[in-house]
Structure formats: C-alpha cells, structure tokens
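As a plain string of letters, each chain reads:
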Amino acid sequence: MWVAILLIWGLIIGIQSATPTSQSKMESNAILNSGWWNKSDAQFNMSRRCHWPGISCNEDGSIYGINITGTSSICCVKFSALNLSAFHSLEILVLSSMVLEGVIPKEIGLLSKLTHLDLSYNNLEGEIPPSLENLTKLTHLDLSVNNLKGEMSPSLGSLTKLTHLDLSSNFLGGEIPHSIGNLKQLKHLGLFNNKIEAFIPSLRNLKQLQELDISHNNIQGSIPSLGNLTQLLVLDVSYNKIQGSLPSLENLTQLRELDISYNKIQGSIPSLGNLTQLQLLEISYNKIQGSIPSLGNLTQLQVLDISNNKIQGSLPSLGNLTQLVILDISNNKIQGFIPPELGFMNNLIILDLSYNKLNKHLSLARFGVVALETLVGRHPEDILALLQSTSTQDIKLCEVLDQRLSLPNNDIVLRDIIRIAAIAFACLNLNPSLRPTMKIVSQSFVIELPPFSTPLTGISLQQLMSHELKALFHILEILEFAFQTSPI
C-alpha cells in the first residue's frame, strides 16, 4: 500500500520537475534556431541563457522578456525565424530598430501573457494579424515606422487594457474603427503618417487620453466633441482634409500643443481663455474667419501661428505672452495698429505680420503706456491721470518706479531709466502734434546719453514732461531735424 503511494508521489514529482526543464529546452531551441544570437561568442552557453543580453527570466527559469533594440548586432533577419510558440511565459517582447523583415507571424497571438509589444522601426510588411486580438493583457502596442498595409481591424477594440497604441508611419488605410472608443485606459494614440480616410469616430470614452496624433492622413469630416478629454496634453490633426468648425476647447485645460494646420476648417477660433498651459497654437492654412479671441491667459505660449486664413479684426493684447518665440499672423485680413508690446518680447525670434491691413505706424500713445507700465510694474492709470493736472512738480520719478525693486547704482542703468521715462512722457504729450515720430523714438534708444548732474531722486515727473532735461531732449531735437531733412 505504502509502496504504491510512494510510486505515485514519485511520478507526480517527476512530472512537475520535468515541466520547467521541457519548457526551458523549447525556449533554448527557439533561440538556437533563430540565428539571432552570436553562437560563436564564448558567453553563448545555453545553461546561461538568462544572462544573455536582452533576455530576462522568471524564478522558474522561463523567459518572460526579450528586449532587443538597434544597439544589438542582430540585423536584417526574418521575424519568422524566431519560434514564438515556444515562449509560453513571455510578457515583454521588444524587437525595435532591428530591420526585421517579413510579416508579423500569426503565432504572436499565442503569447497570451504578453503585456508589452514593440516592433517599431523595422521593415515589417503585410497586414496586422487578426490574432493580435487574443493578447488581451496588452498595455503597450507599438508597430510604428514599418511598411504595414491594409486597414485597422475593429478587433483592436478588444485590447481594453491598452494605455499606449502607436501605429504611426505605415501605409494603413481605411478608417479609424469605432471600436477604438472601447480603449478607455488609453493615454497615447498615434496614427500619424498613414493613408487613413473617412471620419474621426467618437472619442468621448477616452477620458484618460493625453496624446492624440492623427496628422498627415487623408481624414475628412469634422472634429468630434472633445469635451471629455480633460487630460489631453497634445492634439495634432494637421495635414488632413478636415472640414467644419472647431469644437469647444474650454475643457482641455491641460492642453500644451494644439495643431490643426493644413486643413479646410472654417468658422471662428473658439474661446482659448482656459488653455493656460498651452505652449503651441498652430492653426495656419485653413479657412478660419472672424476675429482673434483674447490670448491674455496664454502666458506659456511659445508658438502662435494663425497665418494663411481669413481672420479679420485687430490684434488683441499680447503683453502677457512673454514666452513667445514665433508669432506669425501673415496672409490674413487683420487691421489696426501693431501692438507696441512686441518690442518688449525678448524671446521673440520669428515675427511675420505681412500681407494684412495693419497700420504700419505704431500708436505712440500705446507705446508710451507700455513703456511706463514696464517701469512702474503695473498699469500706470494713476500716472496718466496726473498728466492732465499740474500736480506733478512734487512727484519724483523714483517714487513711481516699481517699488519691489531697489534703485540701481549703475550710472548707465540710471540713464536708461530716465531715457525710457522721458520718451514715454513725450509719446503721451496731450498735444499729438508735439509727440515724436516712432523713427525718432527708436533712434533715441541707441544714442548714448551724457551723464546727468541731477540724481534720480531729484528728477520730478514735471521735469520729464518739460524740456528741463536739455541733454535728452537735445538728442530728440537733433534726431527730429535729421529725419525732417533726410531725403528718405
């Protein structure tokens, strides 16, 4: 009796101990026969396969991860050379930038434990195999930068645990399947640079989405409601054939990049006041009309390109856009004055205002207001009110400067402060005929001033508004005479 029990127990133990050994042998043979690893290397020992570059094993010694990138010596091989059916425990498969050739084998659907699949930057051809729908544990799927053709299967919607889906830079056509709306955990959706047509399906269920890039396709129709995508950071639908008007964007408060350029979008620009994190606003080459909404809250904006539309009205205040690097409003129907605050945007590298109906002369009064605002650290409405009174004699310049800053000791800086203040008050002269021209003002900033005998604490606003500072106004007078007698 006991002998029989011991024999049965021994058989059970034998079977259990043989199982990992058999699995290991299958995996070893798959690696050996693939030709992907350099068997001539002295380190190539099947018993040490868990220590090879790109191979990760679990506690049982089964391979759960294969991670090979372009840094490997493996190159230009057929994907089918690796027997995927041997890897029952595989959870991670990264074969990126290997110049893999051939089709994605249907056996990939047997890797039921797979959570991370990256086959990007290869030469894979054919269609995306339907067997991918079996990989229901996938959280990351990247097939970008290959030569894949055909259409996206609706079965992609069964991969409900996906957080990252990138099929960009292939030759995929057809439409974006409506089942994409089932991927409620999705954070990144990249489909750019394909041949996708038809319409954008409903995205209202993708509430976790942070990046949506479907640019460089042939997508038509209009942009659906985006109100539920409150986590969105990047929205790029550029270079398509999208029509209609822009939906409301007011809920996209986390948005950093918005690119809808090179489409056929009409209507007006919706309210952007809530997009306080926006860094890039690119809506060029559309058919957008109406006026530019308020941009005062977009203090993080670095790129503003609304060129080649049919936008009318005047430019709104740009004074808060201090981070702006590129400003392009060319080829529109914008009217009015050029905002003087453009002269204070130190980060601005590219400025294109061409082909509009702008007044080529800056408003000197507005320039004076902005210059004073820079000096006093706030809107100088109280100082402007004093210009119409006679009570400026006892008010010193140092008293109205930004009190958060200490007075400078450097003589050159002191002279520049006096220069800006004097020019600002000259531009705000109550008699417009006595204001200097903008050419004279611009030249006044580059002329070197002689030292002043009066200290900053001794200069009153009345002096700045009169001709008591002979040195400075002598320069203004010389410049004015020079321009009046110049043949230009």
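Residues numbered from 1 in each chain as written. Predicted model: local features only at pLDDT ≥ 70, side-chain atom pairs only at ≥ 80, totals over all residues. Heavy atoms only, no water.

(A) Expanded view of the overall build of the protein chain. Each helix and strand in the protein chain was counted, giving 8 helices and 18 strands. Residue burial in the protein chain is summarised as follows: out of 488 residues, 45% are buried. Long-range contacts, defined here as pairs at least 24 residues apart, represent 43% of the contacts in the protein chain between residues at least 6 apart. Entry remark: accessible area of the protein chain is about 24,700 Å², with carbon and sulfur atoms responsible for 52%. (Helix = DSSP H or I, 4+ residues; strand = E, 2+ residues; numbered from the N terminus. Buried < 20%, exposed > 50% of the residue type's maximum accessible area, 1.4 Å probe, protein only. Contact = heavy atoms within 4.5 Å. Areas by Shrake-Rupley, 256 points an atom, 1.4 Å probe, with all protein chains shown as cover.)

(B) Structural context of the pattern of salt bridges. Per the stated rule, a full pass over the model turns up 2 salt bridges. One salt bridge in this structure joins Asp402 and Arg404, with 2.8 Å as the shortest N-O distance. Residue Asp402 is classed as buried on the basis of its relative accessible area of 14%. Overall, Arg404 belongs to the exposed group, its relative accessible area being 67%. For Arg419, the salt bridge identified is with Asp416, shortest N-O distance 3.3 Å. Taken together, the positions of Arg419 and Asp416, both in helix α5 (residues 411-427) and 3 residues apart, correspond to about one turn of that helix. (Salt bridge = Lys/Arg side-chain N within 4 Å of Asp/Glu carboxyl O.)

(C) Quick look at helix α2 (residues 364-376). An ideal rise of 1.5 Å per residue puts 18 Å on 13 residues; α2 measures up with 18 Å between its terminal C-alpha atoms. A positive phi of about 80° marks Gly377, the residue just after α2. (Expected span 1.5 Å × (residues − 1).)

(D) Spatial organisation of α5. Under the 1.5 Å per step criterion, the end-to-end length of α5 is 24 Å for 17 residues, consistent within 8% with the ideal 24 Å. Taken together, the buried positions of α5 are occupied by Leu414, Arg415, Ile417, Ile418, Arg419, Ala421, Ala422, Ile423, Ala424, Phe425, Ala426 and Cys427. For α5, the N-terminal cap is Asn410; the gap from its side-chain oxygen to the backbone nitrogen of Ile412 is 2.8 Å. (Polar contact = N/O pair within 3.5 Å; in protein donor to acceptor, adjacent residues only side chain to side chain.)

(E) Region of the structure containing a negative patch on the surface. There is a patch of like negative charges on the surface, built from Glu127, Glu151, Glu175 and Glu197. For Glu127, the position within the fold is in the loop between β6 (123-125) and β7 (140-142). On the accessibility criterion, Glu127 (56% relative accessible area) is exposed. (Patch = residues over 30% accessible without salt bridge, like charges linked within 9 Å, V, L, I, M, F, W, Y side chains within 5 Å. Lys, Arg positive; Asp, Glu negative; His and termini not counted. Charge placed at Lys NZ, Arg CZ, Asp CG, Glu CD.)

(F) The arrangement of a positive patch on the surface in detail. A contiguous patch of positive charge, built from Lys241, Lys264, Lys287, Lys310, Lys333 and Lys357, is present on the exposed surface. Tracing the backbone shows Lys241 in the loop between β11 (234-236) and β12 (257-259). With relative accessibility at 36%, the residue Lys241 sits in the partly exposed group.

(G) Geometry of the state of the cysteines. All told, the structure shown has 1 disulfide when counted by the stated rule. In this model Cys50 forms its disulfide with Cys57; the gap between the sulfur atoms is 2.0 Å. Judged by the torsion about the S-S bond (-95°), the Cys50/Cys57 disulfide is left-handed. Since its relative accessible area comes to 28%, Cys50 is described here as partly exposed. (Disulfide = S-S within 2.5 Å.)

(H) Quick look at the nonpolar core. Among the nonpolar cores identified, the biggest contains 97 residues, and Trp36, Ile66, Phe79, Leu93, Leu95, Ile108 and Leu117 are the most heavily contacted of them. Sorting the residues of this core by element identifies α1 (2-34), β1 (55-57), β2 (63-68) and β3 (92-95) as the ones contributing at least two each. Looking at which element gives the most residues to this core, the answer is β2, with 3 residues. When residues no more than four places from it in sequence are discounted, the contact partners of Leu93 are Ile66, Leu84, Ile108, Leu111, Leu114, His116, Leu117 and Asp118. In terms of nonpolar packing, the next biggest core, distinct from the first, is built from 25 residues, Leu372, Phe425, Leu449 and Leu461 among them. (Core = buried A, V, L, I, M, F, W, Y, C linked by side-chain atoms within 4.5 Å.)

(I) Focus on unusual backbone geometry. If you check the backbone angles, Tyr239 has positive phi at about 55° while not being a glycine. If you trace the backbone, Tyr239 turns up in the loop between β11 and β12. Classification of Tyr239 by relative accessible area gives partly exposed; the value is 36%. Non-glycine residue Asn331 carries a positive phi angle of around 55°. Residue placement: Asn331 occurs in the loop between β15 (326-328) and β16 (335-337).

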